[in-house]
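# Report on the structure
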Amino acid sequence: MSLQKLVRTAATLSIGKLMTAASVLLVLSWVCGAAEPRISIPSYNQFTPDDELKIGGALAHDFESGREILSNPLLDHYLNDLVKRLGKASLRPELVYTCRVVNTNDVNSYSFPGGTIFVTTGLLAFVEDESELASVLAHEIGHIAGRHYLNRLSLEMRSKSLWDQTRKMLPLLDSAQVQQAFQKIGVPITGLAVQQYDRSNENEADLLAVYNLVRAGWNPLGEVRALDRLQNPGGSQGETATMLSVHPNPTDRSRAVSAEIKTMALASSLDDNSLSFRAMKTGLSLLPKPGRGR
Ligand SMILES: [Zn+2]
């Protein structure tokens, strides 16, 4: 087919057909376990790296203010070491990744634009080795690296006037009022703060985590084990209902992650566990119970 004919044919395809073709390619790439997802900034996301830090910082501050945040230097140090190691091996190594602990039995984790991550004490009780914990952190780093939050927020900013108003508002953004500030100009962000991403974002974060784990030196099979146990928690501690309600089915996720890992040649030197992880697990019983640490 000549170039002109190819261009003419492409021009006659409807957007619907193009989207169908794109979906088929996406599905094929999942089935074939193709390669690490590539991160690109969609044209509708006009937030700058500075905006990302400003909005992420404000949202994280807002998130903290409504929750019981634990401040335990040893635990914070351990978790921050993990996210730094993963962050350096992520597709956005330029960001400063930090991790804090929310004291609740809910098994969950959260991430905010720019690099802030939270894990719950329920999650720390749930994971059985360091590769499982690292896989959850790598999944959150995947959401951050993929700019999933600001991509979604950008879809709400349909008009130029909303962008203009946001530009004016950002320098004045008060972290305690971040949701109200966006709502005032007509951009609803309440739902975004509870971390409900769409299925493609979740799939992308899962696969980014696989490659991030391997580059950082952890066994990605920890991600499969954590997902499998999420589906069948058995005797594990913690409450998984909230995590399950905002993520796709763990069995489907585990299957996609396993398929990807099968395409990779894994080095036998990858870490599953560490003494620091075991010390962290022992120390968990010494932490204040949820509701008593404030
Ligand atoms: Zn997620």
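Residues numbered from 1 in each chain as written. Predicted model: local features only at pLDDT ≥ 70, side-chain atom pairs only at ≥ 80, totals over all residues.

A count of helical and extended segments in the protein gives 14 helices and four strands. The proportion of buried residues among the 294 residues of the protein is 36%. Nonlocal contacts in the protein, meaning residues at least 24 apart in sequence, comprise 75% of its contacts between residues at least 6 apart. (Helix = DSSP H or I, 4+ residues; strand = E, 2+ residues; numbered from the N terminus. Buried ≥ 20, exposed ≤ 12 C-beta atoms within 10 Å, placed from the backbone. Contact = placed C-beta atoms within 7 Å.)

For helix α7 (residues 148-156), the set of buried residues is His148, Tyr149, Leu150, Leu153 and Ser154. In this structure, the buried residues of α7 make contact with α3 (49-65), β3 (109-112), α6 (130-145) and α10 (199-216).

One open sheet holds the four strands; their spatial order is β1-β2-β4-β3, and the pairing between them is mixed. Single-partner strands in this sheet number two, and they are β1 (69-70) and β3. As paired elements, β1 and strand β2 (residues 98-102) share two bridges and run antiparallel to each other. The residue of β2 that forms the bridge with Leu70 is Val101. (Pairing = 2+ DSSP bridges.)

To continue, consider the environment of Arg67. Tracing the backbone through its elements, the reader meets Arg67 in the loop between α3 and β1. Between the C-alpha atom of Arg67 and that of Thr104, which follows or precedes it by 37 residues, the distance is 8.9 Å.

We now examine the packing of α6 against α10. Two numbers describe a pair of packed helices, the interaxial angle and the distance between the axes. At a minimum axis distance of 7 Å, the contact between α6 and α10 shows a crossing angle of 120°. The angle between α6 and α10 places the two elements in the oblique class. α6 and α10 meet at a crossing whose hand is right-handed. Seen from α6, the contacting residues are Ala134, Ser135, Ala138, His139, Ile141, Gly142, His143 and Ala145; seen from α10, they are Asn201, Glu204, Ala205, Asp206, Leu208, Ala209, Asn212 and Leu213. Looking at the contact of α6 with α10, its residues break down into eight nonpolar, six polar and two charged. (Axes fitted to C-alpha atoms, helices over the stretch in contact; angles between N-to-C directions. Parallel < 35°, antiparallel > 145°, perpendicular 65-115°, else oblique. Left-handed = near helix turned anticlockwise from the far one by under 90°. Nonpolar A, V, L, I, M, F, W, Y, C, P; charged D, E, K, R; others polar.)

Take the packing of helix α4 (residues 73-88) against α6 next. It is at 10 Å that the axes of α4 and α6 come closest, and there the two elements cross at 55°. Of the possible angle classes, the one that applies to α4 and α6 is oblique. As α4 runs across α6, the sense of the crossing is right-handed. In this structure, α4 uses Leu82, Val83, Leu86 and Gly87 to contact α6, whose residues at the interface are Leu133, Ala134, Leu137, Ala138 and Ile141. Class assignment for the residues of the contact of α4 with α6 results in eight nonpolar, one polar and no charged.

Regular strands place their side chains on alternate faces of the sheet. By the alternation rule, side chains of β3 split into Ser109 and Ser111 and Tyr110 and Phe112, which are all buried. Counting the residues between successive antiparallel strands, the hairpin from β3 to strand β4 (residues 116-120) contains three residues, one of them, Gly114, with a positive phi of roughly 100°.

Looking at the protein, pLDDT values average 84 and 82% of them are 70 or higher. Contacts for the low-pLDDT stretch residues 1-33, under 50 throughout, to residues beyond four places or in other chains number nine contacts. (pLDDT = per-residue confidence, 0-100.)

A few words on the environment of Tyr97. As for its placement among the helices and strands, Tyr97 is situated in the loop between α4 and β2. C-alpha of Tyr97 to C-alpha of Val83: the two residues are 14 residues apart in sequence and 6.0 Å apart in space. Apart from residues lying up to four places away in sequence, Tyr97 is in contact with Val83, Lys84, Gly87, Gly115, Ile117 and Ile141.

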